[in-house]
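Notes for the structure review
The residues making up each chain are set out below.
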Amino acid sequence: MNLKSQPTDGKFGTFGGKYVPETLMPVVDELEEKYNEIKENKEFNEKLSKLLKDYAGRSTPIYFAENLSKKYGGKIYFKREDLLHGGAHKINNSIGQALLAKSMGKKRIIAETGAGQHGVATAMACALLDLKCEIYMGSNDVERQSPNVFRMRLLGAEVHSVKSGSQTLKDAINEAIRDWVTNVESTYYLIGSVVGPHPYPMIVRDFQSVIGKEIKEQFPKITSQEIPDILIACVGGGSNAIGTFYPFLDDECKLVGVEAGGLGIDKGKHSSTLVAGSEGVLHGARSYLLQDEDGQIQETHSISAGLDYPGVGPEHSFLKSQDRVEYVSINDEEAVNAFVEMSRLEGIIPALETSHAIAEAIKRAQKLGDKQSILVTLSGRGDKDTPIIAKHLGNNL
Ligand SMILES: *Cc1c(COP(=O)(O)O)cnc(C)c1O
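**Notes on the overall build of the chain**
Looking only at helices and strands, one finds 16 helices and 15 strands in the chain. Taken over the C-alpha trace, the chain has a radius of gyration of 20 Å; the compact-globule value for 397 residues is 21 Å, and the two agree within 12%. Counting only C-alpha atoms and orienting by the principal axes, one finds that the chain spans roughly 55 × 45 × 40 Å. By residue count, 60% of the 397 residues in the chain fall in the buried class. Excluding contacts between residues fewer than 6 apart, the proportion of contacts in the chain whose partners are at least 24 apart in sequence is 73%. In the structure as shown, the chain presents an accessible area of about 16,400 Å², 48% of it carried by carbon and sulfur atoms. Across the chain, the 45 positively charged side chains and the 53 negatively charged ones have centroids separated by 4 Å.

See the structure below:
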């Protein structure tokens, strides 16, 4: 099977699809049609490239981490998405979809957010493009992530605190879908990762693939190799990972996706959907999920709010089924150690999400020869996580 085949029927192998209420069916169909039209449009692509360059700060560099490599072995490189406006890769997608919404004549954007990072990136894109912005967020998260709530409001967005269910991300998504069903004419739903019904996983993947495309261009210019031996990225919904991997699917290199192991898979407190989950349907698509025997969604745990989601993008489920990408799990403790190690050795404070990928890179580097290379996508910066780390480590730093 061609790994890069487009999901024209909305499916990646047996995964994906459009599991939506009947009222939304014409809406996702229209979105698919409009997107397929616009992605070939020269004017749209020029506008997007210009904003990614001048507003978001692309292209991002690849950095050779000499100190980390010396200590652990191999050659470790980082694709610096942490240097983008907003401090993470999320802006690539928010700008892309906001521009898409605008060209579809939509004036109102809704989005869901867990940790608040996607909400902030969307609020930025909406301020930039003069779109009305409303963000759904579980009331637990509103409390836990108050600085991001303030940022969203400062950027002109309205934040709705969702009090149903576990009052976290999955409840915010349910509420956003409810709003969408009611306001389909005026409203565009801007999804934050490669999840949801088709065509979203494809759209978000395409906008994030700028990461992998740049790596392909840059890597041969700064090394003696065409492509890295191993590419590693963390997986929450899976957007920075698929954006990194997609351009490399047909190449000879190892691809590794790293999920959050939380307090341990054996303890049942984790977010390792692909490593420990099973197949089912959630939020419009068939994919791997964390569910109990009755199909009820399980509570997830991770020290990193951005990886704390019980589902995962359907294309990752497909790539797992084809054995093209290896999915592994890194626990809270290992991620925190990598967070500190990266800060001390390279002077870069990485996001806790990214620290999972760095921990896996450190493990693998020790088995690599001097000439072999690992490239890690540094999905975001860690300033937002310093209070969590301070609390976790106490006086032990
Ligand atoms: C949101 C986020 C993630 C997880 O999202 P993906 O869709 O899996 O990429 C990872 N890293 C950072 C820095 C994030 O903000």
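**A few points about the domain arrangement of the chain**
With domains assigned, the chain is organised as domain 1 (11-52 + 90-204) and domain 2 (57-87 + 209-393). The gap between the C-alpha centroids of domain 1 and domain 2 is 23 Å. In this complex, domain 1 contributes 29 residues to the contact, which on the side of domain 2 involves 34 residues. Summed over both partners, the interface of domain 1 with domain 2 buries about 2,400 Å², with 68% contributed by carbon and sulfur atoms. Summed over the shared surface of domain 1 and domain 2, the result is zero salt bridges. For the pair domain 1 and domain 2, the number of links is nine residue pairs in polar contact (both at pLDDT 80 or more).

**Quick word on the sheet that holds strand β8 (residues 187-189)**
Strand order in this open sheet of four strands is β7-β6-β5-β8, and the pairing throughout is parallel. Only two strands of the sheet have a single neighbouring strand rather than two, namely β7 (158-162) and β8. If you compare each strand with its neighbour and ignore which way they point, the axes differ by 25 degrees on average. Relative to β8, strand β5 (residues 108-113) runs parallel, the two sharing three bridges.

What counts, and at which threshold
- Residues numbered from 1 in each chain as written.
- Predicted model: local features only at pLDDT ≥ 70, side-chain atom pairs only at ≥ 80, totals over all residues.
- Heavy atoms only, no water.
- Helix = DSSP H or I, 4+ residues; strand = E, 2+ residues; numbered from the N terminus.
- Rg over C-alpha atoms; globule rule 2.2 N^0.38 Å.
- Buried < 20%, exposed > 50% of the residue type's maximum accessible area, 1.4 Å probe, protein only.
- Contact = heavy atoms within 4.5 Å.
- Areas by Shrake-Rupley, 256 points an atom, 1.4 Å probe, with all protein chains shown as cover.
- Lys, Arg positive; Asp, Glu negative; His and termini not counted.
- Charge placed at Lys NZ, Arg CZ, Asp CG, Glu CD.
- Domains from an automatic or database assignment.
- Buried area = accessible area lost by both parts, 1.4 Å probe.
- Salt bridge = Lys/Arg side-chain N within 4 Å of Asp/Glu carboxyl O.
- Polar contact = N/O pair within 3.5 Å; in protein donor to acceptor, adjacent residues only side chain to side chain.
- Pairing = 2+ DSSP bridges.
- Axes fitted to C-alpha atoms, helices over the stretch in contact; angles between N-to-C directions.

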